[in-house]
Amino acid sequence: MVYNKIEIPEEGEKIAVVNEEGDELDVPENPIIPILHGDGIGTDVGPAAQTVLKAGAQATGRDVSWMRIYAGETAREKYGENLPQETVEAIREHRVAIKGPLTTPVGAGFRSLNVALRKRLDTYANVRPTYHLDGVPSPVKSPGEMDMITFRENTEDVYAGIEWEAGTDGVQQVKEFVEEEMGFDDIIHPGAVGIGVKPITEFGSKRLIRRAIDYALEHGRDSVTLVHKGNIMKFTEGQFRDWGYEVAEEEYGSEVITEDTLWEERDGEQPDNAVVVNDRIADNMLQQVLTRTGNYDVIATTNLNGDYLSDACGAQIGGLGIAPGANFGDGLCLAEPVHGSAPKYAGQDKVNPTAMILSGVLMFEYMGWMDAAQLVRNAVEETIISGQVTYDLERQLKDAEKLATSEYAREIVTNIEQLA
């Protein structure tokens, strides 16, 4: 594809897919990877992540040719719009990309630029690993017990954006339909009302849950927990749970066993190399991740539940400043940190870039660069243990040295070189 305002690196090759399903990649030794620095602190954490990830690739005999792409503020300056089609096509064409945080301006035509990107690319699985790095201060006694990965459905639920504003003709039409045609005439209180629709489909649920189970099998995880509020929302989140069990029971044979079967037929004894699928109510799960942290492994859940749950888990391991994430479709990965754009700190070279760096680790794992991924993660951890940290961690640690964002990135690179 020819891009009008995106410069393609002179070196490097595109990542390609090698099968019809589009889920197996051919990754060259020097791939072209689009990077979107993002808004606010993206101007600081984006370049820091570039520096560290390139060093990790080079230390394992590879390289990365970065291709700058644009959305949000930089896109408005360059294209006059928030989300250029060139950006979407560049990610789709190159298969793997990484982005910083984006801010959606008021009245800009998008509810969320992040959500818009996910929908256009159909990256239906928002994946958020939560693990503790030695040296990171935590509000809980044993943060090392947290080693969980959340698969959050990315395209449905309340994030689908099907809602009507109070006082509009649209909301009145929906209200009348709900009350007069569907018979719910004593539910909605008098006066102004906003109404939204929460779609949960069999297709969307099953492909997300299937991906979570596949991950658990491929990575030797013990369990997949379906998190839902199906005791109340029986025909949406309750159906998500039921469809999850259908996938487990109908598609995986002896590789997967349900929790009921485990106890009814095996007295709780888990077969070797089998994944147990169970389910938990969402509000109880928020308690369980605090009180029984080590019992949970892989989580599959709906969009809003996944947002709440992954943030709560992130707090246990030190906060969103170090929480990575990525969005996956079929043959597609868009890595991104969990945190927001924090515009008041933009350009100050002070914020913590760890979340974006570790999102790049997740991207490397998807590319099959497991050695580079582990090297970068180890170097980040070694840097934090040494007390060479950004201001957010320095103020919580004894005898730590406060580094700028760029200095912290260079310190990680030094540790990459020493550990390689």
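Only a predicted model underlies this, so the values are computations on that prediction, with no experimental measurement involved.

Visitor: How would you summarise the pattern of salt bridges if you had to cite specific residues and measurements?
Guide: It is possible for side chains of opposite charge to pair when their charged atoms get near one another. In this structure the tally under the stated criterion is 22 salt bridges. For arginine 128, the salt bridge is made with aspartate 311, and the minimal N-O distance between the two is 3.3 Å. On the criterion of sequence distance, the pair formed by arginine 128 in strand 6 (residues 125-131) and aspartate 311 in helix 10 (residues 303-316) is long-range, its members being 183 residues apart. The salt bridge involving aspartate 242 is made with arginine 241; its shortest N-O contact spans 2.9 Å. The class of arginine 241 is partly exposed, set by a relative accessible area of 26%. Connected through salt bridges with shared partners, the residues Arg128, Arg152, Asp307 and Asp311 form a single ionic network.

Visitor: Describe in detail the nonpolar core, supporting the description with residues and values.
Guide: Core analysis: the largest hydrophobic core is formed by 86 residues, its most contacted members being Met363 and Phe364. Of all the elements, helix 11 (residues 354-367) adds the most residues to this core, at eight residues. Once residues within four sequence positions are removed from consideration, phenylalanine 364 is found in contact with Leu53, Ala57, Val64, Trp369, Ala372, Ala373 and Val376. Ranked by size, the runner-up nonpolar core spans 22 residues in total, among them Ala90, Ala97, Ala116 and Leu334.

Visitor: Can you tell me about the environment of glycine 80, naming the residues and giving the values?
Guide: Mapped onto the elements, glycine 80 comes out in the loop between helix 2 (73-79) and helix 3 (85-94). In this structure glycine 80 comes out as exposed when scored by relative accessible area, which is 62%. For the pair glycine 80 and valine 27, spaced 53 residues apart in the sequence, the C-alpha separation amounts to 34 Å.

Visitor: Describe the packing of helix 1 (residues 42-59) against helix 12 (residues 370-385), listing the residues and the values that go with them.
Guide: The interhelical angle for the contact between helix 1 and helix 12, taken along N-to-C directions, is 130°, at an axis separation of 9 Å. If you check the angle between helix 1 and helix 12, you find them oblique. Judged by the twist between their axes, the crossing of helix 1 over helix 12 is right-handed. In this structure, helix 1 contributes Val52, Leu53, Gly56 and Ala59 to the contact, and helix 12 contributes Ala372, Leu375 and Val376. Of the residues belonging to the contact of helix 1 with helix 12, the class tally is six nonpolar, one polar and no charged.

Thresholds applied
Counting from 1, residues in each chain are numbered in the order their sequence is written. Restriction of local features to residues with pLDDT of at least 70 applies here, the model being predicted, together with a cutoff of 80 or more for giving and counting side-chain atom pairs; totals for whole chains, interfaces and linings are based on all residues. Water and hydrogen atoms were dropped before computing side-chain values, which therefore reflect all heavy atoms in the structure. Note on definitions: salt bridges are taken to be side-chain nitrogens of Lys or Arg within 4 Å of carboxyl oxygens of Asp or Glu. Strands here are runs of E lasting at least two residues and helices are runs of H or I lasting at least four, both read from the DSSP assignment and numbered beginning at the N terminus. For every residue, the accessible area (1.4 Å probe, protein chains only) is compared with the maximum for its type, and the residue is labelled buried under 20%, exposed over 50%, or partly exposed between those bounds. Throughout this description, the term nonpolar core refers to a set of buried Ala, Val, Leu, Ile, Met, Phe, Trp, Tyr and Cys residues connected via side-chain atoms within 4.5 Å. By definition, residues are in contact when any of their heavy atoms lie within 4.5 Å. Only the stretch in contact is used when fitting a helix axis, every axis being a line fitted to C-alpha atoms; angles between N-to-C directions are given from 0 to 180 degrees. An angle below 35 degrees is read as roughly parallel, one above 145 as roughly antiparallel, one from 65 to 115 as roughly perpendicular, and any other as oblique. Should the near helix be turned anticlockwise from the far one by less than a right angle, the crossing is termed left-handed; should it be turned clockwise, right-handed. Charged means Asp, Glu, Lys or Arg here, nonpolar means Ala, Val, Leu, Ile, Met, Phe, Trp, Tyr, Cys or Pro, and polar covers whatever is left, Gly included.

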